[in-house]
Structures are given as structure tokens and as C-alpha cells.
Amino acid sequence: MRPSILNPLFADVTALPGVGPKLAALIARAAGPRVVDLLLTPPISMIDRSARPDIADARLGELVTLDVTVDRHHPAPKGRRLPYKVVCSDATGFVTLVFFHAREDYLRKVLPEGERRLVSGRIEDFNGALQITHPDHIADPDRPEDMPLHEPVYPLTAGLTANVMRKAAANALARAPSLPEWQEPNWLKARDWPSWNAALLAVHGPTAREDLGLLTPARQRLAYDELLAGQLALSLIRKARAKTAGRAVRGDGRLVARAMAAMPFRLTGGQRDALKEIAADMSAPERMVRLVQGDVGSGKTIVAFLAMLTAVEAGGQAALMAPTEILARQHHESLQPLADAAGVRLDVLTGRDKGAGRRDKLARLKAGETDILFGTHAVFQEDIAFRDLALAVIDEQHRFGVRQRLSLTQKGPRPDLLVMTATPIPRTLALTSYGDMDVSQITEKPAGRKPVETRAAPLERLSAVVDGVARAAARGEQAYWVCPLVEESDVIDLTAAEDRFDGLKAVMGDKVGLVHGRMSGAEKDAVMERFHRGEIAVLIATTVIEVGVNAPNATIIIIEHAERFGLAQLHQLRGRVGRGDKPSSCVLLYKAPLGETAKARLNVLRRTEDGFLIAEEDLRLRGAGDALGSAQSGFPQFRLADAGVHGELLAAARDDARLILERDPDLKDPRGQALRVLLYLFSRDEAVRLLSAG
Ligand code: ADP
Ligand code: MG
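Procedures and definitions
Throughout, residues of each chain are indexed from 1 in the direction in which the sequence is written. Here chains are named by letter from A upward and ligands by number from 1 upward, in the order in which they appear as written. In keeping with the model being predicted, local features are shown solely for residues with a pLDDT of at least 70 and side-chain atom pairs are shown and tallied solely at 80 or more, while totals for entire chains, interfaces and linings include all residues. To get the side-chain values, all heavy atoms of the structure are used, and hydrogens and water are removed first. Here a helix means four or more residues in a row that DSSP labels H or I, a strand means two or more in a row labelled E, and each is numbered from the N terminus. A helix's residues, less one, multiplied by 1.5 Å, set its expected span. Remark: exposure states derive from per-residue accessible area (1.4 Å probe, protein chains only) relative to the maximum for the residue type, with buried under 20%, exposed over 50%, and partly exposed in between. Pairs of strands are assigned from DSSP output, requiring at least two bridges between the strands. The axes are straight lines fitted to the C-alpha atoms, using for helices just the contacting stretch, and the angles between their N-to-C directions are given from 0 to 180°. Contacts are residue-level and defined by heavy atoms, with any inter-residue pair within 4.5 Å sufficient. The method works on a 1 Å grid over the protein atoms by themselves. A cavity is a set of points holding a 1.4 Å probe that cannot get out, a pocket is an open set with protein on both sides within 12 Å along at least five of seven lines, and residues with an atom within 4 Å of a point line them. Grid points are joined across faces, edges and corners, and a volume is the space filled by probe spheres set on the points. Residues are grouped as follows: nonpolar covers Ala, Val, Leu, Ile, Met, Phe, Trp, Tyr, Cys and Pro; charged covers Asp, Glu, Lys and Arg; every other residue, Gly included, is treated as polar. The nearness test applies per residue and asks whether one of its heavy atoms lies within 4 Å of the molecule or strand. We call two N or O atoms a polar contact when they sit within 3.5 Å, provided that within protein one can donate a hydrogen and the other can accept it, with sequence-adjacent residues counted only if both atoms are side-chain atoms. Only the protein chains shown count as cover for residues, and the accessible areas themselves come from Shrake-Rupley with a 1.4 Å probe. For a molecule to be placed in a cavity or pocket, more than half of its atoms must lie within 2 Å of the grid points of that cavity or pocket. Paired rings are identified among Phe, Tyr and Trp, the last through its six-membered ring, by centres lying within 6.5 Å, and are further divided according to the angle between planes into stacked (under 30 degrees), edge-to-face (over 60) and tilted (the rest). For salt bridges, the criterion is a side-chain nitrogen of Lys or Arg within 4 Å of an Asp or Glu carboxyl oxygen. Orient the strands so they point away from the viewer; a crossover is then right-handed if the path from the first strand over the helix to the second runs clockwise.

**Q** Any chance you could explain helix α24 (residues 670–681) here in plain terms?
**A** When the terminal C-alpha atoms of α24 are compared, their 17 Å separation across twelve residues agrees well with the 16 Å that a helix rising 1.5 Å per residue should span. Counted residue by residue, α24 has ten buried out of twelve residues, so it is predominantly covered. Here α24 has its buried residues at R671, G672, A674, L675, R676, V677, L678, L679, Y680 and L681. Once α24 finishes, S683 follows within two positions and takes phi at roughly 55°, a positive value.

**Q** Would you mind going over the sheet that holds strand β16 (residues 452–458) with me for this structure?
**A** What links the strands of a sheet is backbone hydrogen bonding, and the strands pair in either a parallel or an antiparallel sense. Taken together, the six strands give an open sheet; going across it, the order is β16-β21-β20-β17-β19-β18, and neighbouring strands pair in parallel fashion. At either margin of the open sheet sits one strand with a lone partner, and together these are β16 and β18 (512–515). When strand polarity is set aside, the average angle formed by the axes of neighbouring strands in this sheet is 15°. Sheet topology note: the β18/strand β19 (residues 538–541) ladder contains four bridges and is parallel. Looking at the pairing, V515 lines up with A541 of β19. Its contacts with the sheet place helix α19 (residues 567–574) against β16, β17 (478–482), β20 (554–560) and β21 (584–590), and it is angled at close to 150° to β20.

**Q** Can you help me understand the layout of surface pockets in this one?
**A** Picture a little ball the size of a water molecule; that probe, rolled over the atoms, points out where space is still empty. Counted as a void, the second largest pocket has a volume near 1,200 Å³. As for the second largest pocket, its lining consists of 41 residues, of which F265, S334, N550, P552 and R579 are closest to the centre. Secondary-structure elements contributing two or more residues to the lining of the second largest pocket are α10 (300–313), α11 (325–342) and α18 (521–533). Looking at the lining of the second largest pocket, the element that brings in the most residues is α11, giving nine residues. The residue makeup of the lining of the second largest pocket, split by class, is 14 nonpolar, 14 polar and 13 charged.

**Q** How should the site of ligand 1 be read in this particular structure?
**A** Surrounding ligand 1, one finds 17 residues, the nearest of these being R266, G297, K300, T301 and R449. Take R449: an N or O atom from its side chain is 2.7 Å from an oxygen atom of ligand 1. Between R579 and ligand 1, the recorded distance is 3.0 Å, taken from a side-chain N or O atom to an oxygen atom. Calculation on ligand 1 without its partners gives an accessible area of 560 Å², and the protein chains cover 85% of this total. In this structure, ligand 1 is accommodated by the second largest pocket. Here the residues of the shell around ligand 1 sort into five nonpolar, seven polar and five charged.

**Q** Quick question: what am I supposed to make of the packing of aromatic side chains here?
**A** Per the stated rule, a full pass over the model turns up five aromatic pairs. Centroid distance W187 to W193: 5.5 Å. Interplanar angle 80°. Geometry classified as edge-to-face. Judged by relative accessible area, W187 falls into the partly exposed class, the value being 23%. By relative accessible area, W193 is classed as buried at 7%. Relative to Y224, the ring of W187 lies with its centre 5.2 Å away and its plane at 50°, an arrangement referred to as tilted. Here W187 is found in helix α5 (residues 185–191), whereas its partner Y224 is found in helix α7 (residues 217–243), with 37 residues between them in sequence. Aromatic rings pair up to connect W187, W193 and Y224 into one cluster.

**Q** Help me understand unusual backbone geometry in this model?
**A** In terms of backbone geometry, most residues other than glycine have negative phi values and most peptide bonds are trans. The step from A592 to P593 runs through a cis peptide bond, and the omega angle for that step is -5°. Position of P593 relative to the elements: it lies in the loop between β21 and α20 (596–607). A positive phi angle is found at H101, which is not glycine, with a value near 50°. You can see H101 is positioned in the loop between β4 (93–99) and α3 (104–110). Look at H101 and you get exposed, because its relative accessible area is 81%. Positive phi values are uncommon outside glycine, yet S683 reaches one of about 55°. Relative to the helices and strands, S683 is located in the loop between α24 and α25 (685–688).

**Q** Sorry if this is basic, but what is going on with the side chain of K361 here?
**A** Note on placement: K361 falls in helix α12 (residues 355–367). Aside from chain neighbours lying at most four places away, what touches K361 is D347, V348, L349 and D353.

**Q** What's the story with the packing of helix α8 (residues 254–262) against α10 in this structure? I'm lost.
**A** Each pair of packed helices can be described by the angle between their axes along with the distance between the axes. Between α8 and α10, whose axes approach to 8 Å, the crossing angle comes to 145°. Of α10, the residues touching α8 (which contributes R254, L255, V256, A259 and M260) are L306, L309, T310, V312 and E313.

**Q** Looking at this structure, I do not really get the pattern of salt bridges. What am I missing?
**A** Two side chains of opposite charge can pair, provided their charged atoms sit close to one another. The full count for this structure, using the stated rule, is 36 salt bridges. Between R329 and E325 there is a salt bridge, with its nearest N and O atoms 3.5 Å apart. Of this pair, R329 and E325 are both found in helix α11, four residues apart, which corresponds to roughly one turn of the helix. Residue R329 is classed as buried on the basis of its relative accessible area of 13%. E325 sits in the buried class, given a relative accessible area of 16%. Between E477 and R475 there is a salt bridge; the shortest N-O distance is 3.0 Å.

**Q** Explain the pairing of β19 here, please?
**A** Every other side chain in a regular strand lies on the same face of the sheet, so the side chains alternate between the two faces. In β19, alternate side chains face the same way, and those of V538 and I540 on one face and L539 and A541 on the other are all buried. Bridging between β17 and β19 involves four bridges; their strand directions are parallel. When the bridges of β19 are listed, V482 appears paired with A541. Considered for its hand, the β-α-β crossover made up of β18, α18 and β19 is right-handed.

**Q** How do you make sense of helix α9 (residues 269–283) when you look at a structure like this?
**A** Since there are 3.6 residues in each turn of an α-helix, residues three or four apart along the chain are aligned in direction. Compared with the 21 Å implied by 1.5 Å per residue over 15 residues, the 21 Å span of α9 between its first and last C-alpha is a close match. Considered for burial, the residues of α9 that qualify are G270, Q271, A274, L275, I278, D281, M282 and S283. The inward-facing, buried residues of α9 abut β9 (289–294), α10, β13 (389–394), β14 (416–421) and β15 (438–442).

**Q** Is there a simple way to think about the sheet that holds β9 in this case?
**A** Spatially, the seven strands line up as an open sheet ordered β11-β12-β10-β13-β14-β9-β15, and their pairing is parallel. Of all strands in the sheet, those bounded by a partner on one side alone are β11 (346–349) and β15. Going from strand to strand, the sheet's axes swing by 20° on average, the running direction of each strand aside. Looking at chain direction, β9 and β15 are connected through five bridges and run parallel. By the bridge assignment, Q293 is partnered in β15 with Q441. Together, β10 (317–322), β11 and β12 (372–376) form the strand contacts of α11, whose direction differs from that of β11 by roughly 170°.

So, in C-alpha cells, the structure goes:
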């Protein structure tokens, strides 16, 4: 249970004054749904009202604070849509304050004629006269404290104004309880770091540009808190897992040999090494938790399948969980020939299986008549009974959270666990994201792959690209055409995909297919099958095809609005082609003009196909302030720490976490109790649950 001292922070943002459901939705998008999310969202810039120029020295277009005398009110003429004006002056010149839809009595109260006022806002030139439209602040010079000199500016989203967000953040800060210190006092002193509360106030109350930096004592302290919470959580998970006994699953190699004999290719060295590591883990009495990381197209599926055959050789069953139904079915179908050769029985279970059909499948599974089951994540969350599940495989694990991974590992008798991901792990992040697993890497791709020729083109070239695709289709080539999701929304931009579908159909007739997330499973299958069989030449798709789909004959991929995708996602999408031995190409259609970061992203893709390089670049570009990539890349998201800047802190946090757990394995002593609060603060609840009640 979360300590009650944190309750005010884990309330919904609607608990803050002036925040209703509508605003809450916007704040949730910009920062998060709970009060604590506001605290953990640092300002990205600040407004400085400390400049006090004379009117004559004020620079056009800049935010200034003027010390002026109010000369005269010019109320808006009745019945005409003109603004209310107030003329002010100092010894050096005049400035007009402009108000639309203003209430005269209010303006006369805050701006009495003949008196001095501080007025802050953006100064502009209007027909040769200086003016400020709707000043941000008006204050009495005798009470300058009424006007904040410095204001933080937070990340915003459409519809959310800076002022509203600032107020919400300030109110969140006011609710921050004073928490017990979880950091070592000597360490804080040596670093000259403030307490948690003081650090929050400092980070949220910048008074100079420097205060926004990532290396201020306050920011470092908060970053370290976040990193320590992460490292502690991983260490706890690691420890809990080390304790879990498993069983020795030892195959005799007979099924694997039959499948290998039927394979149309030889395993690469990387695949063989990964298999060796997996077999060693499985045959050991401890439970295996291993991650296989291999770039898109490196051939992880066959590695998983051979490991599953080993489990079957040992008399057990195996299951593979895929993130999408398309992928679950694709795995089932593509591995069927090898399964036939080996003489093992496969089945596939997804949300679509209902009624008697589903009951039959479950019965066969329970009776041990199915050896290997493929399914979607939704299916595995329900209670499926195996006769004897010896190995569970999670494909494309970056699609699932640590939480889901844990839920699987904590259920029932514990099978060996193999997770597969294409998300390359930059060295700086490997520890933070996968510290709880052993890792095998497949660094080479099967021989004979040709590089994917990657080009970027503005959307204006659309019709030329359509013509090119139509010509390629006429030559018998196959293409994917990817339409993006609407920004900031999970809703699929069906119109875009359907429009493109209609457009291409007009050119190419029924050689065009459409697949998207709103279609029923059966509909999706039918389309994918026609694509696999070559009846469809161009497959218009939303990002449902991003993950894992394998159609080696497809050689072209067009990605529309490529600027809306993160680097890692573009790399995944491009990985759908270049899977066979034919040369492939990728066209990144973008909407001009491109921002700097978007331009850099597309350039990285044109330069390289190396997933590791792309991941490092992704990290670097996101460090430069791009938020889009992080949400989509599958990397763990830090809110206060920055893997690029705080690397040294990360190493320290790792050592710290180890020491802490050596001294107080159950986090029971006073510092341990405070550290539990820290874990909850950063939503590492799953790790606290592994501790005995304290
Ligand atoms: P990913 O690692 O992205 O999941 P897949 O497992 O889907 O990649 O494999 C991509 C393609 O490469 C498939 O068509 C697969 O049959 C093929 N493949 C896998 N291993 C080899 C190999 N050793 N030699 C040649 N082709 C291979
Ligand atoms: Mg795959």
C-alpha cells in the first residue's frame, strides 16, 4: 500500500483548484494525470520580467516591464469593434495599452489616470506607435511583489495556456508534503544538494536561465532520486528472481535436428550463440529470464522456435505471446511447415476465438495435445491452463511494460521466460531498462541482405511516388504504404488511410489492399493473406504493420508523414522490407517545411540501417529537446534524469542501490522506509510489492 503521506500527490489533477475534467485531460497530455506528474515535469523555459527599460529603449517584440504614468483612458467607441485604449508615458515616450472586450470599471480601477503603474507584456509597433496588447501584469510600483519577476514555462499542449499550466504546477507544489530524507546525509552534503522539497522549489522556480540547466544542484538531486528509484527497483526485481527456483529443461535435440534439416537456410553465428545461451539457461535448475535483442530482420523468430522445440523435447509445452493478432497468426502459419517436419502440434489462440472453438483449443492445451501455442497478450492475461508449460516467449517485448512482464513471471508454476526485442539498447540505457534480465544479442543479419535504399521526399511529390509504386507493382513487386496515426491521439486516422486507399485504387484497381487497427481480426487476416499470396501488390496500412510483420517479397515501403514518427519507429517500419535477397527501397514522405530535429531524424535514417547507431542518434536528438521520439521509442522514460547528461549519476545510483540492499535487504530501517516512499513517488510500486511488509 502506498504510504498515506503521498496521497495528496497521487490524487487526480482535478483535486487542484480551478482544474475541471476538461483541463485535467489537457494537463494529463502535457504532464500526466496526477498531481505528482506536475511535480515531476520540470519547466522547459522561463519568463524574465526583470528588464525595466525606458519606453524609448524598449526593444520591439520583446517582453518588457515598463514603469509608466497612466495618462488617459480612451474607452472603445460604442457599437464598433474597436479596442479600449489606455495611453501611458514615461519621460522618454508614450505607450498605448490595448484591450479587447474590456470592462471599463475594471480598467479604471487597475489603471487610474494620473498614477504610476508597472506594466509588463510584449511591446509592439502599431502604425508607428508603441503598444502592448493585453499586458500580462499590471502592478502598483509600491507593491512590486504583485508582479512575479520570473515565471516558469512548462511543456504545453494544444488548448492549454502557459498561465493555466503554471498555476496548476504552483498548486501542485503547494501540496507537496515534506517527506523523510531517503538520501544519505553525507552524500547530500558532499554534493551540496538540497532536500527534496527545496530541490522541487528550486527547479520549479528558476530566476535565471542557468537555473533551467540539468546540472544545477537541485536538478541533479531530483535526477538522482529518479535514477536511484529505478536502480533500486531493478535490484529488487533481480533479487526476487534470483531466488525463484525453476526446473532443468533439457532437450535431446531430436526435434531441433528435424526442424533444422527442413529449414531453407543455415543459422547465422549470432543465432547459434543465442540458442546456446538459451539452452544453457533452460537446462539449469534456476528459472531463465533472458532477453534476445536483435535488430529487425536478424531472425529472432526461428531462435525462439528452436528453443520452444527444446522445451517440447523435454516433455513440456511452450507458448509465444505476440503484441498483435496479425503477428501471432503470422508466426503460427510461417512455422507450421517446420513444426510438421518436427512432428509437433501448433495452435493459435486470439481474442477472436470464441465459444466452442475456443473451448476445444483450451481443452487440447490442457490435455497436452497442443505442444506450442501462439497468442496475443490479451489471451495470456486470462487464465489459460497448460498441461505443463515449460517455456514462455514474449515477442517484441518493447511493446509490453515491465509490469506485464512481471505479471507473467509471477503467475502459477514458473516457466522459463524468453523475451525478444528489436529495440537496440544503447549502452547507457542497458542497465536502466533491462537490469533484471540476462541479455543475448544477435548482431549480424542473415547473409545476402541488400541495403534498403532510403530517400526522403516532400508530400508534394505524392503523385510521382504513386506512379512509381504503380510501375513497380506492374513489374510484380510488392509495397507497403504506411499512413500515420493522428498526432497526440490513439485514434487511427482512418480517413487518411482510406483516402489513400481510394486514390491508389483509382490508379491500380483491386491490386490494392487496406489494413488498419479498427478492422476485425478476420478482416485483417484476409487482407494479410492476400498480401502474402501476392494477390495484393500495395498494402495500405496504419502502423499495425510496424511490429514483426514478415513478407519477404515486399520490397518497397512508403511512409507518409514520416516527420510524425520517432526514429526507432521509422527504423522498425523500414525493417518490413529488405528481408529477402531482392534490393529494396524506402521513401520517407514528409510535410515541408521540416523542423531541425525532424530533418536530422530523416537524415539519420538515410545514412544508416544499423539499429544501434540509430538508437544512439535517437537518444542524442531527444536530448536536444524532442519529445516525440521518447514516447515512441520504447526506451524507459526519465522525467528528470537525462541519460546523456547524468551518466555519472546513474553509475553512482547503481552502486548506491547495491549497498542499500546489502545493508537493509527488506528496506526496513528508517532510511529503508524513506526509500520505500521514494519508490512509490516514482511509481515503482511493482518493486515494493516484492518486499515483505515493513
Ligand atoms: P526479426 O528478428 O525481425 O523478428 P524474423 O525472425 O521475422 O526477424 O526473420 C526475418 C526473415 O529472415 C524471415 O523471413 C526469416 O525466415 C529469415 N531468416 C531468419 N534466419 C535466417 C538465416 N539464418 N538465414 C536466412 N534467412 C533467415
Ligand atoms: Mg520478429
